[in-house]
Amino acid sequence: MTERYVLAIDQGTTSTRCILFDRRATVVSMVRAEHPQSYPRPGWVEHDAARIWRDVKRLLARVLRDAGVESSQVAAIGIANQRETVVVWDRESGVPVAPAIVWQDTRTESLVAQLPNISEITGLPPATYFSATKLQWLLDNGLRERAIRGEILFGTMDSWLLWNLTGRHVTDVTNASRTMLMNLSTLDWDDELLSLFGIPRAILPEIRSSSEIYGFSSVLPGVPIAAAMGDQQAALFGQTCFAPGEAKCTYGTGGFLLMNTGVVPVRSRHGLITTVGYRIGDEKPVFALEGSIAIAGSLVQWLRDGLGLISTASEIETLAGTVGDNGGCYIVPAFSGLYAPYWHSEARGVIVGLTSYITKSHLARAVLEATGFQTRDVVDAMNADSGLTLTGLNVDGGMTADNLLMQIVADVLDVPVVRPMVAETVSLGAAYAAGLAVGYWSDLRDLRANRHPAGRWTPALDPDRRAAEYTSWRRAVECAVFYGQV
Ligand SMILES: Nc1ncnc2c1ncn2[C@@H]1O[C@H](COP(=O)(O)OP(=O)(O)OP(=O)(O)O)[C@@H](O)[C@H]1O
Ligand SMILES: [Mg+2]
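The residue numbering used here restarts from 1 in each chain and proceeds along that chain's sequence as written. Chain letters and ligand numbers both follow the written order, the letters beginning at A and the numbers at 1. Where totals are concerned, whole chains, interfaces and linings use all residues; where local detail is concerned, this predicted model gives features only for residues with pLDDT of at least 70, and gives and counts side-chain atom pairs only at 80 or more. With hydrogens and water stripped out, all remaining heavy atoms of the structure feed into the side-chain values.

## Some thoughts on the overall build of the chain
Along the chain, the regular secondary structure elements total 15 helices and 23 strands. In terms of overall size, the chain behaves like a compact globule, its C-alpha atoms giving a radius of gyration of 21 Å where 486 residues would be expected to give roughly 23 Å. The principal-axis extents of the C-alpha atoms in the chain amount to approximately 60 × 55 × 45 Å. Each residue is placed in one exposure class: buried if its accessible area under a 1.4 Å probe, protein chains only, is under 20% of its type's maximum, exposed if it is over 50%, and partly exposed if it falls in between. Expressed as a percentage of the 486 residues in the chain, the buried residues total 62%. Comment: elements are numbered from the N terminus, with helices defined as DSSP H or I runs of at least four residues and strands as E runs of at least two. The size measure is the radius of gyration over C-alpha atoms, and the globule rule it meets is 2.2 Å times the number of residues to the 0.38 power.

## Quick word on the pairing of strand E15 (residues 247-251)
Counting buried residues along E15, five of its five residues qualify, which places the element largely inside the surrounding structure. Of the two faces of E15, both are covered, the one formed by Ala247, Cys249 and Tyr251 as well as the one formed by Lys248 and Thr250. A pair of strands is treated as paired once DSSP finds two or more bridges between them. Judged from the five bridges that link them, E15 and strand E16 (residues 255-262) form a sheet pairing that is antiparallel. From the neighbouring strand, cysteine 249 faces E16, where its bridge partner is leucine 257. In this antiparallel pair of consecutive strands, E15 and E16, the connection spans three residues. Pairing of E15 with strand E21 (residues 393-396) involves three bridges; the strand directions are parallel. The residue of E21 that forms the bridge with threonine 250 is aspartate 396.

## Some words on the sheet that holds strand E22 (residues 417-420)
Consider a sheet: its strands pair through backbone hydrogen bonds, and that pairing is either parallel or antiparallel. Here we have seven strands laid out as an open sheet, ordered E17-E18-E16-E15-E21-E22-E23, and mixed in their pairing. Looking at which strands have only one partner, the edges of the open sheet turn out to be strand E17 (273-278) and strand E23 (453-457). This sheet shows a mean twist of 30 degrees between the axes of neighbouring strands, independent of strand direction. Most of the contacts of helix H11 (residues 360-386) go to strand E18 (residues 286-293), to which it runs at about 145 degrees, and overall it touches E15, E16, E18 and E21. Axis geometry follows a simple rule: fit a line to the C-alpha atoms, using only the stretch in contact for helices, then measure angles between N-to-C directions, giving values from 0 to 180 degrees. By definition in these notes, contact holds between two residues if any of their heavy atoms fall within 4.5 Å.

## Here we look at the nonpolar core
By size, the foremost hydrophobic cluster in this structure holds 108 residues, and its most contacted members are Tyr129, Leu135, Leu181, Met182, Ile199 and Leu393. Examining the composition of this core, we find that eleven residues originate from one element, H11, more than from any other. Excluding anything up to four places from it in sequence, leucine 181 contacts Ala132, Leu135, Asp188, Trp189, Asp190, Leu193, Leu194, Phe197, Ile199 and Leu204. Only buried Ala, Val, Leu, Ile, Met, Phe, Trp, Tyr and Cys residues count toward a nonpolar core, and they belong to the same one when joined by side-chain atoms within 4.5 Å. In terms of nonpolar packing, the next biggest core, distinct from the first, is built from 35 residues, Ala33, Met157, Trp163 and Val223 among them.

## Thoughts on the pattern of salt bridges
Basic side-chain nitrogens of Lys or Arg form a salt bridge, by our definition, when they fall within 4 Å of a carboxyl oxygen of Asp or Glu. Within the structure shown, the criterion is met by 28 salt bridges. For arginine 83, the salt bridge is made with glutamate 84, and the minimal N-O distance between the two is 3.8 Å. Note that arginine 448 is salt-bridged to glutamate 246, the shortest N-O span being 3.1 Å. Residue arginine 448 is located in helix H14 (residues 444-448), and its partner glutamate 246 is located in the loop between helix H8 (231-238) and E15; the two are separated by 202 residues in the primary sequence. Judged by its relative accessible area of 28%, arginine 448 is partly exposed. Three or more residues joined by partner-sharing salt bridges are found here, namely Arg83, Glu84, Arg178, Asp231 and Glu290.

## Overview of the layout of surface pockets
As a volume, the largest pocket reaches approximately 900 Å³. Counting only elements with at least two residues in the lining of the largest pocket, the list comes to strand E2 (15-21), strand E3 (27-34), H8, E15, helix H9 (297-306), helix H10 (315-320) and helix H13 (425-437). The dominant element in the lining of the largest pocket, judged by the number of residues it contributes, is H9, at five residues. In this classification, the charged set is Asp, Glu, Lys and Arg, the nonpolar set is Ala, Val, Leu, Ile, Met, Phe, Trp, Tyr, Cys and Pro, and all remaining amino acids, among them Gly, are polar. Its residues assigned to classes, the lining of the largest pocket comprises twelve nonpolar, 17 polar and twelve charged. A per-element tally of the lining of the second largest pocket places H9 first, with six residues. Put plainly, a pocket is an open set of points on a 1 Å grid over the protein atoms alone with protein on both sides within 12 Å along at least five of seven lines, a cavity is a set where a 1.4 Å probe fits but cannot get out, and a lining residue has an atom within 4 Å of a point. Grid points are joined across faces, edges and corners, and a volume is the space filled by probe spheres set on the points.

## Thoughts on the packing of H9 against H11
At a minimum axis distance of 9 Å, the contact between H9 and H11 shows a crossing angle of 160 degrees. With respect to their mutual orientation, H9 and H11 come out roughly antiparallel. Note on packing geometry: the crossing formed by H9 with H11 is right-handed. Here Leu299, Val300 and Leu303 of H9 lie close against H11, whose contacting residues are Ala364, Val367 and Ala370. The residue makeup of the contact of H9 with H11, split by class, is six nonpolar, no polar and no charged. For classification purposes, angles smaller than 35 degrees are called roughly parallel, those larger than 145 roughly antiparallel, those between 65 and 115 roughly perpendicular, and all remaining angles oblique. Crossings are sorted by hand: turned counterclockwise from the far helix by less than a right angle, the near helix makes the crossing left-handed, and turned clockwise it makes it right-handed.

## Some words on the packing of aromatic side chains
Pairing of aromatic side chains here covers Phe, Tyr and the six-membered ring of Trp, requires ring centres within 6.5 Å, and sorts the geometry by plane angle: under 30 degrees stacked, over 60 edge-to-face, intermediate tilted. According to the stated counting rule, one finds 20 aromatic pairs in the structure shown. Both rings, one in phenylalanine 373 and one in tryptophan 473, keep their centres 5.2 Å apart while their planes meet at 20 degrees; by these two values the pair is stacked. Here phenylalanine 373 is found in helix H11, whereas its partner tryptophan 473 is found in helix H15 (residues 463-485), with 100 residues between them in sequence. As far as the burial class goes, phenylalanine 373 and tryptophan 473 line up, both buried. One aromatic cluster is present, formed by Trp103, Tyr129, Phe130, Phe256, Tyr339 and Trp343 through successive ring pairs. The criterion is that NZ of a Lys, or CZ of an Arg, lies within 6 Å of the ring centre and within 35 degrees of the ring normal, and then a charge sits over that ring. Cation over ring: arginine 83 sits above phenylalanine 256, and NZ or CZ is 5.1 Å from the ring centre. Its end group placed over the ring of tyrosine 470, arginine 376 keeps NZ or CZ at 4.0 Å from the ring centre.

Read these as spatial facts, not as claims about activity.
Written out as structure tokens, the structure is:
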């Protein structure tokens, strides 16, 4: 019998990956392409959606060629994607009518400041992060007439790729839950929100589950497109966090901690997001609480590209490892404001505690520690909201290659940190959801059996020092918030 596989597309903020998995969740072949980040003005971040689609097509062909696998051997394709990013395209020609506005973009700060309280409907705090004000901005800036005439379509990145792959205008419910246009109780677009943002329903995709056959690929003929999920929800699924209370944190461009809360949405009282975790076919949706950190790995990229203090991301570990502590220096990377649990759109980054003693090694260490402290902020909120105490943290993503960072996270949180064998959990989650939809895997137990921890870090920091360091971090956060207000 010929071996069969499942293919995942991970359309991320900085790059797109295509990964071929076998039944035991082994990576058979992986290809990746970076795409340009465009920063036309301070606070603006844009992508070229047409370019991203061309990358996807090219990578799909290449991943199969590299593995010597025919498209007839692919049981299904699943998509995981950067969330909230807004794409608008021409219904007839399929050409994007504006640059895609990326989730990190803060151009809509003034629109957000005018919002009434809609958190009860959406599960989201008011922030530039989500799609609604970005779409509103595009319509306000020249596209409203075309939207009313029904000439253009809106979608998040999943929807854009699904439209190109299958010709259908659909989205999955996890992505829809990040637009700020979906009602978390009905799981449908909300008329009150649509009129608030001035968005005609006709331009919106149909909301579907995360795991079902949406259509068949134009690129690999005959292969079903059978899953779509926001990348962070996909990582939750890929880490097989199927039971309430199970959580993971993914460290890529940003950092995203999600905890499965079961079939009932839990409303946060401590600055977290209530979001859809996943929905398998007609089953009940599973919800999650999320703590979103805007800047994690991208601070390492800034140290490399913005400051030129390192030449590759992995050099940060060596540099930071030359000093035993931060020398009193803290960096709060509020480049796009502060997300969870603070939600200050106007906060801006600060470096505090500078003396002539501080070297680039201390800065490197402060960069890694910023990720640790931001995780602590989110974990404290998660514990308070869920009434549970996190006893360990499952991690994944590109930054988890950094062993020093993993130790810092364990030290700051005072819980063990565990990394799985397959670090590409975003892709794995998309593959799992697609494989389930076509019967490649039979149920969640099948998926659980593939879970293998590969690295573990235990806390080794003196409790007094942990407390003192965290207090200093919170003071630095106050500086970042204060700076945004002056
Ligand atoms: N050894 C390392 N130490 C610290 N950070 C690292 C290391 N290696 C990579 N990174 C950071 O991790 C990030 C890449 O992680 P990953 O590949 O998971 O991101 P990504 O999936 O491309 O992100 P996104 O999906 O948001 O595009 C980069 O921001 C990079 O700076
Ligand atoms: Mg990613």
